[in-house]
Amino acid sequence: MKPILQNLVEMTGHRDHLRLEVSVLSTLQQLNSTTEVRALEVFTDGGTTHVRPRTWLQNGELVSTDSEAASDPHREPLHNYPALCQCIEKREIRATASVQKSRYTLWLPVWMHDKVSTCLEITQSRPFSAHKLDVIQGIFHVYQNYQSLLDYSERDALTGLLNRKTFDEQFSRHPTASLARRVSPAAAGVPDGDEASCGEPAVEQWLAVVDVDHFKQVNDRFGHLYGDEVLILIANILRSSFRSHDRIFRFGGEEFVVLLRSTNLATAHKVFNRFRLAVQEYHFPQVGQVTVSMGFVSTSRGSPVEILGQADQALYHAKENGRNQVCFYDDLVASGHLAAKVANDSVELF
């Protein structure tokens, strides 16, 4: 019991979802008869639900990946795991199965925001006893509760989107993770119908800053309650306009940031404008029509400060030149509308 308690203390000391995941798997790995532990990511791509290993045992050590789930060659359709599939459909707390001799598997889906995006998988050489299941379930509940606390601290209270603090931590941690590469749209997880038609264009990551046009007038005319409702509805449109592995943040006030992942430039233009039109065509109760302006840039060059600054420049150009439009930073520089600037992590040099 003492090693388990020590592991639980270590587990709840982490402030990062992936490290917490590794820690709980390390705890479960030390239980008697356990031969394999994995964390599976559950995601939907092209209308089909898939799973892929995100953390697993390799040569006796736990390793993790932060690669795009949709382009992972090890992903499998969820129906390849019938017991887990049925468990999620029936919203049960766990599933067990034995697919071969001396190999018994337990799945524990992690429910957050009324859906499953992660599942812990424990395999051992003998059937799970009632006592073993109780111990595992207790460890799992500590893990799940702490995951929920971490998630709560990372989200904006009004919209439920990720907050500015989370953006700063995640984006600064992977400033060069988005180097352009040439891959097929299908491998990049680009939605059907969003592929560019010319060959295999470079796939990159894109950062867009979104600002609600004339939002102060909404607050002044209709009051802050209706202003808050506009922000909540725009957050909902953002969620429905982008894929599950894209990232959406509320920076505060009427400003949002989107990290669009594994997409070419033509598709980025198309997806951002599709969101802009969705806002323009939405009827906001009492307020009526609302529009947004956007500026975006590739994240493959420069520091986080420089990338965010470039997207901001493109956004302000959009707002100063008619609003309700999407502007790409590189196009504005090439056309002479913006002058390129040099920045480091703490100072911007014009």
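Residues numbered from 1 in each chain as written. Predicted model: local features only at pLDDT ≥ 70, side-chain atom pairs only at ≥ 80, totals over all residues. Heavy atoms only, no water.

As for the pattern of salt bridges
Put simply, the test is: Any carboxyl oxygen of Asp or Glu within 4 Å of a side-chain nitrogen of Lys or Arg constitutes a salt bridge here. We count a stretch as a helix when DSSP gives it H or I for four or more residues in a row; a strand needs E for two or more, and each element gets its number in order from the N terminus. For each residue, the accessible area found with a 1.4 Å probe, counting protein chains only, is set against the maximum for its type, and the residue is called buried under 20%, exposed over 50%, and partly exposed in between.
Considering all chains together, one arrives at 18 salt bridges under this definition. The closest approach of N and O atoms between Arg52 and Asp72, which form a salt bridge, is 2.8 Å. Linking Arg52 in strand E2 (residues 48–58) with Asp72 in the loop between strand E3 (61–64) and strand E4 (76–77), this pair joins segments that are 20 residues apart in sequence. An identical accessibility class is assigned to Arg52 and Asp72; each is buried. Arg91 is the partner of Asp114 in a salt bridge, and the nearest nitrogen-oxygen pair spans 2.7 Å. Taken as a pair, Asp114 in the loop between strand E6 (103–112) and strand E7 (115–124) and Arg91 in the loop between helix H3 (82–89) and strand E5 (95–100) lie far apart in primary sequence, 23 residues in all. On the accessibility criterion, Asp114 (58% relative accessible area) is exposed. Each of Glu21, Glu41, Arg52, Arg54 and Asp72 takes part in a single network of salt bridges with overlapping partners.

Examining helix H2 (residues 17–29)
Test applied: Every helix has an expected span of 1.5 Å times one less than the residues it contains.
Helix length check: H2 (13 residues) gives 18 Å between terminal C-alpha atoms against 18 Å at 1.5 Å per residue, within 8%. If you check which residues of H2 are buried, you get Leu20, Glu21, Ser23, Val24, Leu25, Thr27 and Leu28.

Describing the nonpolar core
Test applied: Residues belong to a common nonpolar core when they are buried Ala, Val, Leu, Ile, Met, Phe, Trp, Tyr or Cys residues joined through side-chain atoms within 4.5 Å. The contact criterion used throughout is that any non-hydrogen atoms of two residues lie within 4.5 Å.
If you look at the biggest cluster of nonpolar residues, it comprises 32 residues, and the most contacted ones within it are Ile234, Leu238, Phe242, Phe272, Phe275 and Phe284. Elements that contribute at least two residues to this core include exactly strand E10 (202–212), helix H6 (215–222), helix H7 (224–241), strand E12 (255–263), helix H8 (265–281), strand E13 (292–298) and strand E14 (326–328). Top contributing element to this core by residue count: H7, with seven residues. Excluding anything up to four places from it in sequence, Phe272 contacts Trp206, Ala208, Phe242, Val258, Leu260, Met294, Phe296 and Val326. Counting residues in hydrophobic clusters, the runner-up holds 22 residues, among them Leu31, Leu62, Phe128 and Leu150.

Here's the deal with the packing of H6 against H7
Describing two packed helices takes the angle between their axes plus the distance from one axis to the other. Keep this limit in mind: Axis geometry follows a simple rule: fit a line to the C-alpha atoms, using only the stretch in contact for helices, then measure angles between N-to-C directions, giving values from 0 to 180 degrees. Roughly parallel covers angles under 35 degrees, roughly antiparallel covers those over 145, roughly perpendicular covers 65 to 115, and oblique covers all other angles. In this classification, the charged set is Asp, Glu, Lys and Arg, the nonpolar set is Ala, Val, Leu, Ile, Met, Phe, Trp, Tyr, Cys and Pro, and all remaining amino acids, among them Gly, are polar.
In the contact formed by H6 and H7, the axes pass within 7 Å of each other and the chain directions differ by 140 degrees. With respect to each other, H6 and H7 are oriented oblique. Contacts from Phe215, Val218, Asn219 and Phe222 of H6 reach H7 at His224, Tyr226, Gly227, Val230 and Leu231. Class assignment of the residues belonging to the contact of H6 with H7 gives a composition of six nonpolar, three polar and no charged.

What about the packing of H2 against helix H4 (residues 130–153)?
The interhelical angle for the contact between H2 and H4, taken along N-to-C directions, is 175 degrees, at an axis separation of 11 Å. As judged from the angle between their axes, H2 and H4 are roughly antiparallel. Side by side, H2 and H4 meet where His17, Leu20, Glu21, Val24, Thr27 and Leu28 of the first sit next to Ile136, Ile139, Tyr143, Tyr146, Gln147, Leu150 and Asp151 of the second.

Side note on H8
Short version of the rule: Pairs of N or O atoms are called polar contacts if they sit within 3.5 Å, as long as, within protein, a hydrogen donor faces a hydrogen acceptor (for residues adjacent in sequence, only side-chain-to-side-chain pairs).
Its 17 residues place the ends of H8 24 Å apart at the C-alpha level, agreeing with the 24 Å of an ideal helix rising 1.5 Å per residue. All of the buried residues along H8 are Thr267, Ala268, Val271, Phe272, Phe275, Arg276 and Val279. On its buried face, H8 sits against E10, H7, E12, E13 and E14. One side-chain oxygen at the N-terminal end of H8 lies 3.2 Å from the backbone nitrogen of Ala266; it belongs to Asn264.

Here's the deal with the pairing of E5
Just so we agree on the cut-off: One bridge is not enough; two strands pair if DSSP finds at least two bridges between them.
In this structure, E5 lies alongside E6, joined through four bridges in antiparallel fashion. Looking at E6, one finds that Ala97 is bridged to Thr105. Between the end of E5 and the start of E6, which pair antiparallel, lie two residues, with Ser102 showing a positive phi angle near 60 degrees.

A few points about the state of the cysteines
Applied cut-off: Disulfide: a pair of cysteine sulfur atoms within 2.5 Å of each other.
Under the defined criterion, the tally for this structure stands at zero disulfides. Cysteine Cys85 is unpaired, with the sulfur of Cys87 as its nearest cysteine sulfur at 9.8 Å. Between Cys119, a free cysteine, and Cys87, which holds the nearest cysteine sulfur, the sulfur-to-sulfur gap is 7.2 Å.

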